[in-house]
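What follows is each chain in one-letter form.
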Amino acid sequence: CVSHYTSKTDKEYFGAVKGAAYRLYIFQAAVMALCFVLFGKIYSQIQGDSIFFCGGVILAPAIIFAAAENICKGVTQGRMNMLPTASANVVESVLKTVLGLAGVYFAGKTAADGDAPVMAGLMAVTAAGFICCIYLLKITGQKGNKTKKFSQKKAEYVKERQDCISAATLFRMSFPI
């Protein structure tokens, strides 16, 4: 949808697609993060070790951050701009490496618990995802869902093409993936 509306220079629909994508995919990611935590709790109880649950709680927000990152990347790629995706991938990789190594090193030096370095590594993944998400939102100019008042003609035009910008349509398009 993004490349279709970009080719027609249809900014109103472009914003509607972006808004529908945020609503759908952030909701899906939040549900998956919740399932991840809940099943981590059950698995921890079966194993008799709380490390799985702690790891799930630490990593769950990363699922939501990844969804937001992918929306930003999809929007910019749909507009034929690959630079934000490439730079965000480099930033995230560097952050994961630096934060992960530093966290594991300091946790290993200071903590008596053998699981602390593992938890520090997981925290680095989540922190890198959060920072990269903020970075992408900043460089792509997607600071929020600022809506402009539509004229009656534009509102009717949007309503006619509602099928292409709905969350259900985005879901149907992404389901095979």
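None of the values given here were measured: they were computed from a predicted structure. (Residues numbered from 1 in each chain as written. Predicted model: local features only at pLDDT ≥ 70, side-chain atom pairs only at ≥ 80, totals over all residues. Heavy atoms only, no water.)

1. A short note on the overall build of the chain
Here is step 1: If you tally the helices and strands in the chain, you get eight helices and zero strands.
Here is step 2: Scanning the chain from its N terminus toward the C terminus, one meets helices and strands in the order α-α-α-α-α-α-α-α.
Here is step 3: By the burial criterion, 34% of the 177 residues in the chain qualify as buried.
Here is step 4: Element-wise, carbon and sulfur atoms account for 67% of the exposed surface of the chain, whose accessible area totals about 11,000 Å². (Helix = DSSP H or I, 4+ residues; strand = E, 2+ residues; numbered from the N terminus. Buried < 20%, exposed > 50% of the residue type's maximum accessible area, 1.4 Å probe, protein only. Areas by Shrake-Rupley, 256 points an atom, 1.4 Å probe, with all protein chains shown as cover.)

2. Quick look at the side chain of T76
Here is step 1: Tracing the backbone through its elements, the reader meets T76 in helix α3 (residues 51–78).
Here is step 2: Taking the relative accessible area as the measure of exposure, T76 reaches 7% and is therefore buried.
Here is step 3: Excluding residues that lie within four positions of it along the chain, T76 makes contacts with N81, P84, T85 and T140. (Contact = heavy atoms within 4.5 Å.)

3. A look at the packing of aromatic side chains
Here is step 1: Following the criterion strictly, the structure yields three aromatic pairs and no others.
Here is step 2: Lying across the ring of F53, K41 places its NZ or CZ 5.0 Å from the centre. (Phe/Tyr/Trp six-rings, centres within 6.5 Å; stacked < 30°, edge-to-face > 60°. Lys NZ or Arg CZ within 6 Å of the ring centre and 35° of its normal.)

4. Things to note about the environment of C54
Here is step 1: Mapping C54 onto the fold places it in helix α3.
Here is step 2: On the accessibility criterion, C54 (34% relative accessible area) is partly exposed.
Here is step 3: Expressed as a C-alpha distance, the spacing of C54 and M119, which sit 65 residues apart in the sequence, is 7.8 Å.

5. Brief notes about the environment of E92
Here is step 1: Locating E92 in the fold gives a position in helix α4 (residues 83–110).
Here is step 2: Residues E92 and C133, spaced 41 residues apart in sequence, show a C-alpha to C-alpha distance of 9.1 Å.
Here is step 3: Leave out the neighbours within four places in its chain, and E92 touches E69, K73, A128, G129 and C132.

6. Considerations on the confidence of the model for the chain
Here is step 1: Averaged over every residue, the pLDDT of the chain is 79; residues scoring 70 or more account for 72%.
Here is step 2: Contacts of residues 143–152 to residues separated by more than four positions or lying in other chains number three contacts, the stretch itself having pLDDT below 50. (pLDDT = per-residue confidence, 0-100.)

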